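Observations on the three-dimensional arrangement
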Amino acid sequence: MSTWLVTGGAGFIGSHLCEALCARGDTVRVLDDLSTGHRANLPDGVTLVHGDVADPDAVLEAVQGVDGCFHLAAIASVERGITDWFGTHRTNLSGTIVLFEALRRAGLQVPVVYASSAAVYGDCPTVPISEDAPRQPLSAYGADKLGCELHARVATHVHGIPTVGLRFFNVYGPRQDPRSPYSGVISIFCERISRGAPIDVFGDGRQTRDFVYVGDIVAGLLAAMRLRPAEAAVFNLCTGRPTSVLELAGHIAALAGSALDVTHRPPRAGEIRHSVGSPARGRAALGLVDPAVLSDGLRNVLDWMAGGR
Ligand code: NAD
Ligand code: UD2
């Protein structure tokens, strides 16, 4: 039985990870400021430390006695990075350095698995995007995630802390809040289509994304924790399958048994046309099985919204 620190554990992805860790009998400590996360997301038995990941003393206390850290705390919003550039930087990059520094101060060379993002690639002209594609972030959020990867290399190389960064593509699943202004398209479409409400499609709807189910993200996080590489590692977590926004809307309407009512809106400023990752390297290194098919994942989201689990 191991003890893990999960930063951001009360959030969407973090709470699914906590569930998986608890289900195998591990001890889980969550550090979360509950800014977008919710205490109610946490399974029984998890210890919640209500604190800020950029507060060195809080993090030093939270890392005591852990066997490893899953670092998911972040302000996961490109838009917030525009309106609160320094505030998001403080959490997204400084918070990551604070975690590495806390381990150094505590003399702990335990592994850290952290959330990076497809946002580090910016608008990559060729898909599928492999890990070697140029990192040219177009947002403060993406720049800070790239900064996390650079500091993780330092943590491993200089301080002997094994690190694995996982570049998540578009993650979806139960507990992704459809009411949040920063919510992903799947939670918004599922919520609206299932109650027969119209949806907005930005642009022509032929832009594509790589939608990866939260259960596959959890499998990737757990496998990455076992890796403990001598050199800092970074992998994509994605499916390699493109889905256009219009295709997505069609799938959801079919599953929900609802008619589609689409309003086309102007494309979002700075919209990326195609974002599809190459999963090959991560799948091989982490020993991952085939990812969930979209229709199964969508059904889980619709069930959750209808009040099931
Ligand atoms: P989320 O907002 O649900 O979870 C983030 C958690 O971090 C929340 O519980 C929030 O309260 C907490 N948090 C925020 N600032 C904090 C601070 N200063 N101190 C302590 N806790 C703080 O988002 P999510 O979708 O679960 O994202 C988890 C991680 O995955 C993030 O690092 C995010 O950048 C990354 N990611 C997510 C996606 C996606 O599609 N959801 C894609 C790429 C990367
Ligand atoms: C995702 C991340 C973002 C950043 C970015 C990096 C989410 C929510 N956002 O942005 O934080 O990491 O990837 O590349 O995970 N759309 C509609 N109608 C809607 C909502 C969305 O047409 O009501 C379209 C949108 O224009 C886009 C696609 O759906 O083409 C996906 O939108 P998104 O906000 O879920 O995610 P994305 O890829 O823009």
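A few words now on the site of ligand 1. Among the 28 residues in the neighbourhood of ligand 1, the closest are listed as F12, I13, D32, T36 and Y141. T36 places a side-chain nitrogen or oxygen 2.7 Å from an oxygen atom of ligand 1. Protein burial of ligand 1: of its 810 Å² of free accessible surface, 91% is covered by the chains. Among the elements of the structure, α1 (12-23), β5 (112-117), α5 (140-159) and β7 (170-172) are those that each provide at least two residues to the shell around ligand 1. Of the residues that constitute the shell around ligand 1, the class distribution is 14 nonpolar, 10 polar and 4 charged.

What follows concerns the site of ligand 2. Inspection of the region around ligand 2 gives 19 residues, with N170, V185, D200, R209 and E271 positioned closest. Take V185: an N or O atom from its main chain is 2.8 Å from an oxygen atom of ligand 2. D200 is positioned such that a nitrogen or oxygen atom in its backbone is 2.8 Å from a nitrogen atom of ligand 2. Counting residues per element, the ones that place at least two in the shell around ligand 2 are α6 (185-194) and β8 (199-202). With 3 residues, β8 is the single largest residue contributor to the shell around ligand 2. By residue class, the composition of the shell around ligand 2 is 10 nonpolar, 5 polar and 4 charged.

Turning to unusual backbone geometry, a few remarks are in order. The amide bond that connects V127 to the next residue, P128, takes the cis arrangement and shows omega of -5°. Position of P128 among the secondary structure elements: in the loop between β5 and α5. Its identity as a non-glycine residue notwithstanding, R228 has a phi of 45°, on the positive side. Structurally, R228 is set in the loop between α7 (214-227) and β11 (233-237).

A few words now on the domain arrangement of the protein chain. Split by domain assignment, the protein chain resolves into domain 1 (3-170 + 211-237) and domain 2 (177-210 + 241-278 + 292-306). Summed over both partners, the interface of domain 1 with domain 2 comes to about 1,600 Å²; 60% of that surface belongs to carbon and sulfur atoms. Contact with domain 2 buries surface across domain 1, with F169, F211 and Y213 losing the most and accounting together for 43% of the total. Inspection of the region where domain 1 meets domain 2 yields 0 salt bridges. Counting across the domain 1 and domain 2 interface gives 6 residue pairs in polar contact (both at pLDDT 80 or more). Contributions of two or more residues to the side of domain 1 that touches domain 2 are made by α3 (78-83) and β10 (211-213). Broken down by element, the residue count for the side of domain 1 that touches domain 2 peaks at 3 residues, all from β10. For the side of domain 1 that touches domain 2, the per-class residue count stands at 8 nonpolar, 5 polar and 5 charged.

Here we take up the nonpolar core. Grouped together as the largest cluster of nonpolar side chains are 51 residues, with contacts concentrated most on F70, L166, F168 and L221. It is α7 that provides the largest number of residues to this core, a total of 8 residues. Setting aside residues no more than four positions away along its own chain, L166 makes contact with V113, Y114, A115, S116, S117, G220, L221, A224, F235, L237 and L286. V59, L99, F100 and A155 belong to the second largest nonpolar core, which has 24 residues in total.

Turning next to the side chain of S244. Mapped onto the fold, S244 is located in strand β12 (residues 243-244). Take S244: its relative accessible area is 11%, and that puts it in the buried class. Apart from residues no more than four positions distant in its own chain, S244 is found in contact with G205, R206, Q207 and T208.

It is worth spelling out the sheet that holds β11 at this point. Strand-to-strand pairing in sheets goes through backbone hydrogen bonds, with the strands running parallel or antiparallel. Read across the open sheet, the 7 strands follow the order β3-β2-β1-β4-β5-β6-β11; overall the sheet is parallel. Taken across any chain shown, the strands that pair with only one partner, and hence form the sheet edges, are β3 (47-50) and β11. For this sheet the average axis-to-axis angle between neighbouring strands, irrespective of direction, equals 20°. Where strand β4 (residues 68-71) lies against β5, 3 bridges are found, and the strand directions are parallel. Each bridged residue has a counterpart across the sheet, and for F70 the counterpart in β5 is V113. Sitting on the sheet, α7 is in contact with β1 (3-7), β4, β5, β6 (163-168) and β11, with an inclination near 160° to β6.

Definitions and cut-offs
- Residues numbered from 1 in each chain as written.
- Chains lettered and ligands numbered in written order.
- Predicted model: local features only at pLDDT ≥ 70, side-chain atom pairs only at ≥ 80, totals over all residues.
- Heavy atoms only, no water.
- Near = heavy atom within 4 Å.
- Polar contact = N/O pair within 3.5 Å; in protein donor to acceptor, adjacent residues only side chain to side chain.
- Areas by Shrake-Rupley, 256 points an atom, 1.4 Å probe, with all protein chains shown as cover.
- Helix = DSSP H or I, 4+ residues; strand = E, 2+ residues; numbered from the N terminus.
- Nonpolar A, V, L, I, M, F, W, Y, C, P; charged D, E, K, R; others polar.
- Domains from an automatic or database assignment.
- Buried area = accessible area lost by both parts, 1.4 Å probe.
- Salt bridge = Lys/Arg side-chain N within 4 Å of Asp/Glu carboxyl O.
- Core = buried A, V, L, I, M, F, W, Y, C linked by side-chain atoms within 4.5 Å.
- Buried < 20%, exposed > 50% of the residue type's maximum accessible area, 1.4 Å probe, protein only.
- Contact = heavy atoms within 4.5 Å.
- Pairing = 2+ DSSP bridges.
- Axes fitted to C-alpha atoms, helices over the stretch in contact; angles between N-to-C directions.

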